[in-house]
Amino acid sequence: MDRRIYGLENEYGIICTPERRGGKALSIQNAVMYLFREIISGRMYPDVFLENGARFYQDIGCHPEYATPECDNVIELLTHDKAGERIIERLSTTAEKKMRFDGFFGKISVFKNNTDTPGNTYGCHENYLMDRRVSFRQLASQLIPFFVTRQVFTGAGKAIRTDRGKYVISQRAQHIREEISIATTTARGIINTRDEPHADREKYRRLHVIVGDSNMSEFATFLKVGTTAIVLRMIEDNFIRQRLALRNSVKAIQEISTDTTCSRNIELENGKRLTAVELQWQYFECAKHYFEQAESDSITDQVMERWEYTLKCLEVNPLLLDRELDWVIKKKLIETYVASRNLKWDSNDVLMLDLQYHNIRREGETKKTGLYYKLEQKDQVERMVTDEQVDKAMHLPPETTRAKFRGRFVKLANERKILCGVNWSYIQLYEPYQKLFLSTDPLKSEYEEASRMIYSI
Amino acid sequence: MRSEQQEKEQRDNKPQDIEDIQPDAELAEQGEELSEDLDQILDEIDEILEEDSEEFVENYIQRGGQ
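As the structure is a prediction and not an experimental result, all values here were calculated from the model. (Residues numbered from 1 in each chain as written. Chains lettered and ligands numbered in written order. Predicted model: local features only at pLDDT ≥ 70, side-chain atom pairs only at ≥ 80, totals over all residues.)

**Quick look at the overall build of chain A**
Here is step 1 of the chain: Along chain A, the regular secondary structure elements total 14 helices and 17 strands.
Here is step 2 of the chain: In terms of overall size, chain A behaves like a compact globule, its C-alpha atoms giving a radius of gyration of 22 Å where 457 residues would be expected to give roughly 23 Å.
Here is step 3 of the chain: Along the three orthogonal principal directions, the C-alpha set of chain A runs to about 65 × 60 × 40 Å.
Here is step 4 of the chain: Taken across its 457 residues, chain A has 47% of its residues classed as buried.
Here is step 5 of the chain: Pairs at least 24 residues apart make up 66% of the contacts formed inside chain A by residues separated by at least 6 positions. (Helix = DSSP H or I, 4+ residues; strand = E, 2+ residues; numbered from the N terminus. Rg over C-alpha atoms; globule rule 2.2 N^0.38 Å. Buried ≥ 20, exposed ≤ 12 C-beta atoms within 10 Å, placed from the backbone. Contact = placed C-beta atoms within 7 Å.)

As structure tokens, this is what we get:
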């Protein structure tokens, strides 16, 4: 596919702690209710589409989840992913004020990560609209080695409580149990087979990727989605000829995650042994070859350039990427702090730092803001989008996909208090008569009949 | 153990941007600023850790999601 729809869903972790010692903490359930209170305005369920086309709702396990609107380029997707963080930050500040009004003096902390302290996991799901004609077997076999190894640049890192200072590259890798699976809450697979395209089923499949980590780093999100999109395009065009199948993919994903030198060899089905970085080089070289004939664009060129740069650095020394990759940025920060304050690696402080790196709070008191954003404010991390772009995306949908149509409708419906049902692929008016407007092509931004209806209201 | 040849290959593979960096006064100054910034961040971490880490970390229990 030349033009593709991308979407990112993030399930956030949340905790409400007393603002003063001896104060009362709120349960997660109640904290989430406060979080949604401003936005659901009278609706029964915490599940709403926003004027920027995104969906914000309470998902399984009481996680606030933000699903970006449909985007058709990676920079826009990244912008909307960050806009989601900003919206939730704003809602949590409002929620704290409301709580105070009700007599609870609590602090809401929201984390964009994938594991809690005892080891429960919640996900970051990537969505790619794909050509239905591709055989699933081929798709899975060519994607699995890519997904197993891309963690060397997509991983968000995690400090593990041992005295030897154990640190893993990926938060999610340790929760992957199968190669292919439909489950999202139990035996999670490297390939997830959920296929709800929210579009014309004959034409499209939605590839729902649950194997990745949530990223704070803009560079990591950009590279994660950008490289995956390139690999998908090559698979759709039947371009990949290399045999890269691994002997044991589930074991490999975990082994790669535990080796922060990125030099461990993984066994392929054909007996060869390659490192994760070498396997990524194979995909990269294939892509380079592919773009000798296939058409590229400026964003794809950027992805290729950064992919190459990242692999080169990973080969020399992963620590060179301490402005780019989450797992490296966080590792360096924790190590620096541990060394300067003479801490022990198995202390709670180390786990606290790990957690607070993912705290999405950017504004406000020093002790409330997240570590990633402290680094960003001091220009210690690489940026790919501007604050202005992100602010805009909090309110405005992408211009070139059906999110534009949905966003415009939601804004109007909120202003005029119109009774309606909104979903990814339809809008339904309840009054005065039940009228349904389908929008089954996510690549289309205008729906004539529905637009006339919107303007006639 | 890596052989010398491997080491050399790795050096040769070093990304262009990294090799291009030459020490100069301006960069040294930037380096100092960088470490001041980092020191400030480390101090701010002290503030974050004034909160009881043990209690916070132990209480950070979510239900499993998708």
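**Regarding the confidence of the model for chain B**
Detailed conclusions should not be drawn from predicted coordinates in areas where pLDDT is low.
Residue and element names in this part refer to chain B.
Here is step 1 of the chain: The predicted model of chain B averages 72 in pLDDT, with 53% of residues at 70 or higher.
Here is step 2 of the chain: For chain B, helix H2 (residues 16–20) is the element with the lowest average pLDDT, namely 47, and helix H4 (residues 53–59) is the one with the highest, namely 93.
Here is step 3 of the chain: This model gives residues 10–21 a pLDDT under 50, and the stretch forms eleven contacts once residues within four places in sequence are excluded. (pLDDT = per-residue confidence, 0-100.)

**Some words on the interface of chain A and chain B**
Here is step 1 of the chain: Counting residues at the interface gives 41 residues for chain A, matched by 29 residues for chain B.
Here is step 2 of the chain: Mapped by element, the contributors of at least two residues to the side of chain A that touches chain B are strand E2 (13–18), helix H8 (298–316), helix H9 (326–340), helix H10 (348–357) and helix H11 (371–377) of chain A.
Here is step 3 of the chain: Counting residues per element, the side of chain A that touches chain B draws most heavily on H10 of chain A, at seven residues.
Here is step 4 of the chain: Its residues assigned to classes, the side of chain A that touches chain B comprises 16 nonpolar, 16 polar and nine charged. (Nonpolar A, V, L, I, M, F, W, Y, C, P; charged D, E, K, R; others polar.)

**Details of the sheet that holds strand E15 (residues 420–422) of chain A**
Either a parallel or an antiparallel arrangement is found when strands of a sheet pair, and the pairing is made through backbone hydrogen bonds.
All names here are of chain A.
Here is step 1 of the chain: If you walk across this open sheet you meet the three strands as E15-E16-E17, and the pairing is antiparallel. Every other strand in the sheet has two partners, leaving E15 and strand E17 (435–438) as the edge strands with one partner each. Sheet twist, expressed as the average angle between the axes of neighbouring strands with direction ignored, equals 10 degrees.
Here is step 2 of the chain: Where E15 meets strand E16 (residues 426–429), three bridges bridge the pair, whose relative direction is antiparallel. If you follow Val422 over to E16, its bridge partner there is Ile427.
Here is step 3 of the chain: Of the strands in this sheet, E15 and E16 touch helix H13 (residues 403–416), which is tilted by about 150 degrees from E15. (Pairing = 2+ DSSP bridges. Axes fitted to C-alpha atoms, helices over the stretch in contact; angles between N-to-C directions.)

**Some details on helix H1 (residues 28–40) of chain A**
Residue and element names in this part refer to chain A.
Here is step 1 of the chain: Taking 1.5 Å of rise per residue, the 13 residues of H1 would be expected to cover 18 Å, and the 18 Å separating its terminal C-alpha atoms lies within 8% of that figure.
Here is step 2 of the chain: Taking the largest bend as the criterion, H1 deviates by roughly 25 degrees, centred on Tyr34.
Here is step 3 of the chain: Within H1 the residues assigned to the buried category are Ala31, Val32, Tyr34, Leu35 and Phe36.
Here is step 4 of the chain: Just downstream of H1, Ser41 is the residue with a positive phi angle, here 25 degrees. (Expected span 1.5 Å × (residues − 1). Bend = angle between axes of the 7 residues up to and from the residue.)

**Observations regarding the sheet that holds strand E12 (residues 204–209) of chain A**
Residue and element names in this part refer to chain A.
Here is step 1 of the chain: Ordered in space as E3-E4-E5-E1-E7-E12, the six strands form an open sheet in which the pairing is antiparallel. One side of each edge strand has no neighbouring strand; the edge strands of this open sheet are strand E3 (47–49) and E12. Averaged over neighbouring strand pairs, the angle between their axes works out to 20 degrees when direction is ignored.
Here is step 2 of the chain: Across the face of the sheet, helix H5 (residues 218–236) comes into contact with strand E1 (6–11) and strand E7 (124–131) while running at roughly 30 degrees to E7.

**Let's talk about the packing of helix H3 (residues 136–149) of chain A against helix H7 (residues 276–290) of chain A**
Residue and element names in this part refer to chain A.
Here is step 1 of the chain: One way to put it is that H3 packs onto H7 with a least axis distance of 9 Å and a crossing angle of 135 degrees. By the criterion of interaxial angle, the relationship of H3 to H7 is oblique. Every pair of crossing elements has a handedness; the one defined by H3 and H7 is left-handed. Residues Pro145, Phe146 and Thr149 of H3 form the contact with H7, whose own contacting residues are Ala276, Leu279, Gln280 and Tyr283. (Parallel < 35°, antiparallel > 145°, perpendicular 65-115°, else oblique. Left-handed = near helix turned anticlockwise from the far one by under 90°.)

**Concerning unusual backbone geometry**
Residue and element names in this part refer to chain A.
Here is step 1 of the chain: Located in the positive-phi region is Cys262, a residue other than glycine, with phi close to 55 degrees.
Here is step 2 of the chain: Here Cys262 shows up in the loop between helix H6 (249–257) and strand E13 (265–267).
Here is step 3 of the chain: Unlike most non-glycine residues, Asn342 shows phi in positive territory, near 55 degrees.
Here is step 4 of the chain: You can see Asn342 is positioned in the loop between H9 and H10.
Here is step 5 of the chain: Its 6 C-beta neighbours within 10 Å are what place Asn342 among the exposed residues.

**Regarding the pairing of E7 of chain A**
In the case of a regular strand, side chains alternate between the two sheet surfaces.
Residues and elements named next belong to chain A.
Here is step 1 of the chain: Counted residue by residue, E7 has six buried out of eight residues, so it is predominantly covered.
Here is step 2 of the chain: Two strands pair when backbone bridges link them, and E1 and E7 are joined in this way by five bridges, in the antiparallel orientation. Across the sheet, residue Asn10 finds its bridge partner in E7, namely Cys124.
Here is step 3 of the chain: Of the pairings in the sheet, the one linking E7 to E12 comprises six bridges and is antiparallel in character. Across the sheet, the residue bridging to Asp131 is Tyr204, located in E12.

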